[in-house]
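Chain and residue survey
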Amino acid sequence: MRRIIVIVSILIATTLITAAQEENEYTTINAKDDVNTLFKKPHSNGGYGSITFGVGSINNKTTFISGFRGGWIIDHGIAIGFGGYGFFNNLDFNDPSYQNGLVGGYGGLLIEPIIYAKSPVHVSFPILIGGGGLATVEDPANWEYYDYNAAAFFVFVPGVELELNVVQFFRIAIGVNYRYTPDINLEDMNGIPLPKDVMRGFTGTLTLKFGKF
């Protein structure tokens, strides 16, 4: 947990410094057009909502992850909000192991430093801190009608994304994140323990963002 706090703190501090430098550069370039006023120009804040599609691996099977995230953007440099995702794996209905598919979801606090957000192509570092649940079920397509084993977990998901400013209210982000959880104690429907690191792994993502940036 201490390492997580340190990583998040470093990313936030780096983003704030970079945002300040960017604003100073912008102010210097446009200084001749400025008009002196009694009060400083207010910071520009906004917000966005997005949908995300991802592909990764859970329990050595291809896993599709989809969800949403959204937040308040402070002075173009950092977004704070929430995110939530659902997933399922093993889509091969002819595979006998399909009867031990995995479904679940996770979500929590979103902290997203954004580097040079005014540039047409830039980088962001979405970080999700929260919790979720994982279940082994007889039939992932109709899990509510079958027996299942379940477990809850803490999750920490740092990521990096390359963002493209398509138009003022729309951005596309392509990225990758790493899903970290503590050891999870869970058995499949045959009573066989799953790997304790079953939820840990990388996910490639495509995110569509809409809002005031």
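Residues numbered from 1 in each chain as written. Predicted model: local features only at pLDDT ≥ 70, side-chain atom pairs only at ≥ 80, totals over all residues. Heavy atoms only, no water.

Moving on, we come to the side chain of His122. Note that His122 resides in strand E5 (residues 121–124). A relative accessible area of 3% places His122 in the buried class. Engagement of the side chain of His122 in a polar contact is seen with the backbone oxygen of Ser119, the distance being 3.0 Å. Not counting the four nearest positions on each side in its chain, His122 is found in contact with Ile114, Ile115, Tyr116, Ala117, Glu161, Leu162, Glu163, Asn165 and Arg171. (Helix = DSSP H or I, 4+ residues; strand = E, 2+ residues; numbered from the N terminus. Buried < 20%, exposed > 50% of the residue type's maximum accessible area, 1.4 Å probe, protein only. Polar contact = N/O pair within 3.5 Å; in protein donor to acceptor, adjacent residues only side chain to side chain. Contact = heavy atoms within 4.5 Å.)

By rolling a water-sized probe across the atoms, one finds the places where empty space is left. Scanning the model with the defined rule gives two cavities of 30 Å³ or more in all. In this structure, the largest cavity encloses a volume near 200 Å³. Looking at the largest cavity, it is lined by 21 residues, and the ones nearest its centre are Arg69, Tyr85, Val157, Asn177 and Thr205. A per-element tally of the lining of the largest cavity places strand E7 (residues 148–167) first, with four residues. Split into classes, the residues belonging to the lining of the largest cavity amount to 10 nonpolar, nine polar and two charged. (1 Å grid on protein atoms, 1.4 Å probe; cavity = no way out; pocket = protein on both sides within 12 Å on 5 of 7 lines; lining within 4 Å. Points joined across faces, edges and corners; volume = space filled by probe spheres on them. Nonpolar A, V, L, I, M, F, W, Y, C, P; charged D, E, K, R; others polar.)

Moving on: a nonpolar patch on the surface. Side chains of Val121, Leu162, Leu164, Val166, Val167, Phe169 and Phe210 sit close together on the surface and give an oily, nonpolar patch of about 610 Å² of accessible area. It is E7 that contributes the most residues to the nonpolar patch, four residues altogether. Take Val121: it is sitting in strand E5. (Patch = residues over 30% accessible without salt bridge, like charges linked within 9 Å, V, L, I, M, F, W, Y side chains within 5 Å. Areas by Shrake-Rupley, 256 points an atom, 1.4 Å probe, with all protein chains shown as cover. Salt bridge = Lys/Arg side-chain N within 4 Å of Asp/Glu carboxyl O.)

With that out of the way, let us pick up the packing of aromatic side chains. By the definition in use, this model includes six aromatic pairs. Both rings, one in Phe170 and one in Phe210, keep their centres 5.0 Å apart while their planes meet at 25°; by these two values the pair is stacked. With Phe170 in strand E8 (residues 170–179) and Phe210 in strand E9 (residues 201–212), this pair connects stretches of sequence that are 40 residues apart. What links up through ring pairs into an aromatic cluster is the set Tyr85, Phe87 and Tyr106. If you follow Lys209 out to its NZ or CZ, it ends over the ring of Tyr48, 4.7 Å from the centre. (Phe/Tyr/Trp six-rings, centres within 6.5 Å; stacked < 30°, edge-to-face > 60°. Lys NZ or Arg CZ within 6 Å of the ring centre and 35° of its normal.)

Averaged over all residues, the pLDDT of the protein is 82; the fraction at 70 or higher stands at 70%. No element of the protein has a lower mean pLDDT than helix H1 (residues 2–29), at 52, and none a higher one than E8, at 97. Under a pLDDT of 50 for its full length, residues 26–36 has, in the predicted model, two contacts with residues more than four places off or in other chains. (pLDDT = per-residue confidence, 0-100.)

Moving on to the pattern of salt bridges. Taken as a whole and assessed by the stated rule, the structure comprises six salt bridges. Of the charged contacts in the structure, one is a salt bridge between Arg69 and Glu112, with a shortest N-O distance of 3.3 Å. Taken together, the residues span a long stretch of sequence, with Arg69 in strand E2 (residues 61–74) and Glu112 in strand E4 (residues 101–115) at a distance of 43 residues. The buried category is assigned to Glu112, whose relative accessible area is 0%. Across the salt bridge formed by Asp183 and Arg200, the nearest N and O atoms sit 2.5 Å from each other. Separated by 17 residues along the polypeptide, Asp183 in the loop between E8 and E9 and Arg200 in the loop between E8 and E9 bring together distant segments of the chain. The partly exposed category is assigned to Arg200, whose relative accessible area is 25%. The network of salt bridges with common partners includes Arg69, Glu112, Glu161, Glu163, Arg171 and Lys209.

Here the focus is the environment of Val160. Summarising the element assignment, Val160 is placed in strand E7. Along the primary structure Val160 and Val123 are separated by 37 residues, whereas in three dimensions their C-alpha atoms are 7.1 Å apart. If we ignore the near neighbours within four places in the chain, the residues touching Val160 are Val123, Ser124, Phe125, Pro126, Ile174, Gly175 and Val176.

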